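Report on the structure
Next come the chains, spelled out residue by residue.
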Amino acid sequence: MPETAAAPPTPGIPLAALLAREDLGLRQIAGPMEAGTVLHWVHTSEMEDPYPYLLGGELLMSAGVLLKDPDRYVSRIVQAGAAALGFGVAPVYDTVPDALIEACDRHGLPLLEVPPKTPFTAVARAVWRLMAEARHRELRRVTQAQQGLATAAARPDPVPAVLHQLAARLGGQAVLLDASGTELSAAGGTPGPEAWAALKRLAQVVSPQGANPQAVNPQVNPSSAGTEEVPHPAPARTEGAPPDPTAPTAPTAPASRRGPADGGPPAGETSRPAPASASDAVGGTHLAAYALGGSQGLVLGLATPHREPGDHTVAGVAVVLLSLLTAPHQGADSTGRSTALVRLLLGARPAETAPLLGADRWIVVHARGERGTPFAASALGAGLGSALVDPAEDGTVRILLPADREVTPQPGWVLGVSAPVRPEELGAADTQAARAVHRAAATRTDVVTHRGTSLAALLSPDEAAAHARMRLAPLVDSPALVETLRSWLSLHGSWDRTAAALEVHRNTVRQRIARCATLLDEDLDDADVRMELWFALRSL
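1. A few points about the sheet that holds strand β4 (residues 41–44)
Overall, mixed pairing links the 5 strands, which are arranged β2-β7-β6-β5-β4 in an open sheet. Across the chains shown, the open sheet's two edge strands, defined by having one partner strand only, are β2 (27–30) and β4. The average angle at which neighbouring strand axes cross in this sheet is 30°, direction not considered. Where β2 and strand β7 (residues 111–114) come together, 3 bridges link them in antiparallel fashion. Within β7, the residue paired with R27 across the bridge is E113. Seen against the sheet, helix α3 (residues 98–107) touches β2, β6 (84–88) and β7 and runs at an angle of roughly 80° to β2. In the packing of helix α4 (residues 120–153) onto the sheet, contacts are made with β4, β5 (58–62), β6 and β7, and the angle to β4 comes to roughly 165°.

Below you can see the structure in the form of structure tokens.
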């Protein structure tokens, strides 16, 4: 069987829902009649062997133009993973061939009779409409769940409230476990002993601290672990059964933090980090475990009687909320942050309030990336270890970090990092970070850090600014020209990368640079001119 393609973003629909459409006149005449058959695609083919062109999960439509060996034809369709076969009556066959009916019964493939009055395109259109309706229901359910979880997080007892809301939305149990598998808080019905034991084992799989939290460096951040998820549903594992060699095993501590004495790899070797989530199924109960962000090794466990599209998204929202609610404050406590904010609003200078946040030198980070999830900015701040996060309307996120904090790549984001500065220089650092993230986006680099230039030290800031204003006077009335020239020079005159950084068409970049050359009356192909303009732009 060929490699199964990933399911489309739209949920699959039950075959029974398609058969219920009276306007199509479809009738199942062979194959299993169970209601569990799900359709993910529709494909029409009159090939003698359509196997190489099937992805799996299709309703394959055919009029039997090249049907020669029904048994081989059906067996190949089943090997390819097709969900059902729709056979059109006329113009080739007046009735569905008996040999085809027998082959579908023998191989367990649902066979639908498509009447002459029903075009194949009408069947395909009906499937897409049903899938769109299912997607709409899923999105509405996820949106309502997000709203309910956010409301629960604002209650005086937020952690139990979020767990209760999550259990109600998913129709099962939600439990918060520590690194050793001890239940800290739970809501919803309790699964059976076998499912509960399996859920605790899953918690060990995703927890970076595993079953031996004392062996772990307390500074390890689970949110920095991989984002791999064990495919669902995984083969059921019961107590006492031999372990599945393909399933993840529960580490006693992060492999990167363990040495030979702890059962870890030899010195100098590293191994794969713990996955961010894992799933299993035991006795009809679907289990899932998610590692929370923070340094405490907490895990969210779920046990539900069924799993629906959107459950993973709802659980992901709960993971973010619980990570924020359970993580200790980074750098300064909430009282210190509140005090600093109040003093700034009352007119204090940044240099006077910065010590309240625990640092006297800072870096500014600009990030571009995931804009779809409402908690993406907060999750990014948690990943970098800062609660000082400012999401902008254009999707850019600004984060303030103490200068001694390392900025590491974050999945799904490109980052621009300023040079370390004193509090009174944060405005300049913000500009540096903005330019750095432009360069990161253009060069497709995860992290770009601003580097100072020694040439700027030859002049005082006032002298450099005066020279920049004089040199760039023809452009000052057009911020778009100034920014385009700055990006173009920083990217070594690349039209494509400049266009990507500015999010404009490359012809727009060419026109603007030509306009700059005309207004400045300079040859921008001259390296000396470029160097002089770059210095002026850095001082403007």
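2. Looking at the pattern of salt bridges
Taken as a whole and assessed by the stated rule, the structure comprises 17 salt bridges. In this structure, the salt-bridge partner of R368 is E503, at a minimum N-O distance of 4.0 Å. Placement of the pair is R368 in strand β13 (residues 362–369) and E503 in the loop between α14 (495–502) and α15 (506–520), with a sequence separation of 135 residues. Given the relative accessible area of 14%, R368 is considered buried. With relative accessibility at 57%, the residue E503 sits in the exposed group. With its nearest N and O atoms 2.8 Å apart, the salt bridge here joins R398 to D390. When its relative accessible area of 35% is taken as the criterion, R398 is described as partly exposed. When salt bridges with common partners are traced through the structure, they connect D390, R398 and D430 into a single cluster.

3. Here's the deal with the environment of I513
With respect to the helices and strands, the residue I513 is situated in helix α15. A relative accessible area of 4% means that I513 is categorised as buried. For the pair I513 and V482, spaced 31 residues apart in sequence, the C-alpha to C-alpha distance is 9.5 Å.

4. Quick notes on the confidence of the model for the chain
Across the chain, the average pLDDT comes to 77, with 79% of residues at or above 70. Note on residues 211–270: pLDDT under 50 across the span, and 102 contacts to partners over four residues away in sequence or across chains.

5. Quick word on unusual backbone geometry
A cis amide bond, omega 10°, links A90 with the succeeding residue P91. Here P91 is to be found in the loop between β6 and α3. A positive phi angle, close to 60°, is found at H492, a residue other than glycine. With respect to the secondary-structure elements, H492 resides in the loop between α13 (479–490) and α14. Positive phi is not limited to glycine here, since E503 has a value of about 60°.

6. Quick word on empty space enclosed by the protein
Using the criterion set out here, one finds 3 cavities of 30 Å³ or more in the structure. Estimated volume of the second largest cavity: approximately 70 Å³. In this structure, the second largest cavity is lined by 10 residues; those nearest its centre are H286, A288, L302, T304 and R307. For the lining of the second largest cavity, the elements supplying multiple residues, two or more each, are β11 (285–291) and β12 (299–304).

7. Brief notes about the environment of L384
Residue position: L384 is located in helix α10 (residues 376–384). We classify L384 as buried; its relative accessible area is 4%. Along the chain, L384 and I399 lie 15 residues apart, while their C-alpha atoms are 8.7 Å from each other.

8. Considerations on α14
Residues of α14 that are buried include every one of T498, A499, A501 and L502, and no others. Take α14 and look down its axis: the buried residues cluster within an arc of 165°, on one side only. Taken together, the buried residues of α14 touch β13, α11 (426–443), α13 and α15. Here α14 starts with a cap whose side-chain oxygen sits 3.2 Å from the backbone nitrogen of R497, and that cap is S494. With its phi angle positive at about 60°, E503 sits one or two positions after the end of α14.

9. Here's the deal with the side chain of R471
Within the fold, R471 resides in helix α12 (residues 461–471). Separated by 2.6 Å, the side chains of R471 and E522 make a polar contact. At 2.8 Å, the side chain of R471 forms a polar contact with the side chain of E532. Those residues in contact with R471 that sit more than four places away from it in its chain are L520, E522, E532, L533 and A536.

10. Examining the nonpolar core
Grouped together as the largest cluster of nonpolar side chains are 28 residues, with contacts concentrated most on L149, L163, L166, L300 and L302. Mapped onto this core, the elements with two or more residues apiece are α4, α5 (158–170), β8 (173–177), β11, β12 and α7 (311–326). Contacts of L166, omitting those with residues within four sequence positions, involve L149, A174, L300, L302, V314, A315 and A318.

11. Description of the side chain of D49
You can see D49 is positioned in the loop between β4 and β5. On the basis of relative accessible area, D49 is assigned to the buried category, the value being 18%. Only 3.2 Å separates the side chain of D49 from the backbone nitrogen of Y51, close enough to count as a polar contact. Among all residues touching D49, those that are not within four sequence positions of it are R72 and R76.

12. Thoughts on the packing of aromatic side chains
Tallied over the full model, the rule gives 2 aromatic pairs. On the numbers, 5.5 Å between centres and 35° between planes, the contact of W488 with W495 is tilted. For W495, a relative accessible area of 22% gives the class partly exposed.

Procedures and definitions
Residues numbered from 1 in each chain as written. Predicted model: local features only at pLDDT ≥ 70, side-chain atom pairs only at ≥ 80, totals over all residues. Heavy atoms only, no water. Pairing = 2+ DSSP bridges. Helix = DSSP H or I, 4+ residues; strand = E, 2+ residues; numbered from the N terminus. Axes fitted to C-alpha atoms, helices over the stretch in contact; angles between N-to-C directions. Contact = heavy atoms within 4.5 Å. Salt bridge = Lys/Arg side-chain N within 4 Å of Asp/Glu carboxyl O. Buried < 20%, exposed > 50% of the residue type's maximum accessible area, 1.4 Å probe, protein only. pLDDT = per-residue confidence, 0-100. 1 Å grid on protein atoms, 1.4 Å probe; cavity = no way out; pocket = protein on both sides within 12 Å on 5 of 7 lines; lining within 4 Å. Points joined across faces, edges and corners; volume = space filled by probe spheres on them. Arc of directions from axis to C-beta. Polar contact = N/O pair within 3.5 Å; in protein donor to acceptor, adjacent residues only side chain to side chain. Core = buried A, V, L, I, M, F, W, Y, C linked by side-chain atoms within 4.5 Å. Phe/Tyr/Trp six-rings, centres within 6.5 Å; stacked < 30°, edge-to-face > 60°.

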